[in-house]
Amino acid sequence: YAEWLAEAFNHLGLDRAPVAGLSYGAFLALNLALYAPERVTHLILLSPDLPLARPTLRGMRFAAAMMFFPTRKTVSQFLQRTSVKGYAANDPYFEQRLSGNTGVRSLRHLRPHVTHQELQELKTSTLILWGQEELLVNPLEALQTARRLIPHLEAEIIPNAGHALNRDQPQQVNARILEFIQSR
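Let me begin by describing the structure that accompanies this report. (Residues numbered from 1 in each chain as written. Predicted model: local features only at pLDDT ≥ 70, side-chain atom pairs only at ≥ 80, totals over all residues. Heavy atoms only, no water.)

### Points about the packing of helix α1 (residues 2-12) against helix α2 (residues 24-35)
For any two helices packed against each other, one specifies the crossing angle of their axes together with the interaxial distance.
Phase 1 of the analysis: Interhelical geometry of α1 versus α2 gives an angle of 80° and a closest axis separation of 9 Å. The pairing of α1 with α2 is recorded here as roughly perpendicular in orientation. Facing A2, E3, L5, A6 and F9 of α1, the residues of α2 in contact are L28, N31, L32 and Y35.
Phase 2 of the analysis: Grouping the constituent residues of the contact of α1 with α2 by class yields 7 nonpolar, 1 polar and 1 charged. (Axes fitted to C-alpha atoms, helices over the stretch in contact; angles between N-to-C directions. Helix = DSSP H or I, 4+ residues; strand = E, 2+ residues; numbered from the N terminus. Parallel < 35°, antiparallel > 145°, perpendicular 65-115°, else oblique. Contact = heavy atoms within 4.5 Å. Nonpolar A, V, L, I, M, F, W, Y, C, P; charged D, E, K, R; others polar.)

### Here we look at the environment of A64
Phase 1 of the analysis: Structurally, the position occupied by A64 is in helix α3 (residues 57-68).
Phase 2 of the analysis: Take A64: its relative accessible area is 32%, and that puts it in the partly exposed class. (Buried < 20%, exposed > 50% of the residue type's maximum accessible area, 1.4 Å probe, protein only.)

### Details of the nonpolar core
Phase 1 of the analysis: The biggest cluster of nonpolar side chains holds 32 residues, and the ones touching the most others in it are L30, L43, L45, L52, I128, W130 and I150.
Phase 2 of the analysis: Among the elements of the structure, α1, β1 (17-22), α2, β2 (40-46), β3 (125-131), α7 (139-149) and β4 (153-158) are those that each provide at least two residues to this core.
Phase 3 of the analysis: Of the residues forming this core, the biggest block, 8 residues, is contributed by α2.
Phase 4 of the analysis: Apart from the residues within four sequence positions on either side, L52 is in contact with L119, W130, E141, A142, T145, A146 and L149. (Core = buried A, V, L, I, M, F, W, Y, C linked by side-chain atoms within 4.5 Å.)

### Observations regarding the pairing of β4
Phase 1 of the analysis: Bridge count for β3 against β4 is 6 bridges, and the pairing is parallel. Paired with W130 across the bridge in β4 is I157.
Phase 2 of the analysis: The β-α-β motif built from β3, the intervening α7 and the parallel element β4 has right-handed crossover chirality. (Pairing = 2+ DSSP bridges. Right-handed = clockwise from strand over helix to strand, strands pointing away.)

### Let's talk about the packing of aromatic side chains
Phase 1 of the analysis: Counted by the stated rule, this structure contains 3 aromatic pairs.
Phase 2 of the analysis: Measuring from centroid to centroid gives 6.0 Å for Y87 and Y93, while their planes differ by 35°, and the two rings are tilted.
Phase 3 of the analysis: Pairing Y87 with F94 gives two aromatic rings, centres 5.3 Å apart and planes at 25°, and the pair type is stacked. Taken as a pair, Y87 and F94 share a single burial class, namely buried. (Phe/Tyr/Trp six-rings, centres within 6.5 Å; stacked < 30°, edge-to-face > 60°.)

In structure tokens:
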């Protein structure tokens, strides 16, 4: 994926750019920053599923059901728990995520792998945001570990937000991202 993203930069004529990702997308953004740090000016990781804290039992329950048996029901149950607001059945974003993750053979490939050493060697200025009601990990534990491991880090927890924190608190998340990019 990192090679593909670097190639996408080339086709777009981008030498360097800020890169952001949510959940598995945060892993993909981090992967690019590790693979080609000269290409990433700012790294923004929203609700990253990284080895920074133990998975919560609640999150494992819903994520495992979705990953091993990706039916409309299991994917819907997982997605509904990622947002403190929830989703309406006719929400186009919800339907897109539901359709994209339903009926595939398995979503087990989504489990990213990155080592603590790789995080310690990260050269890119990084912002990590978790929702206070994060489903997959304890956000306080993840925040403490991230601060210990990652150089050039700004990290915080967004109140009244879950795993889908950009949906739950879009103005606050967007403002924090812009502040981070403009301050560095």
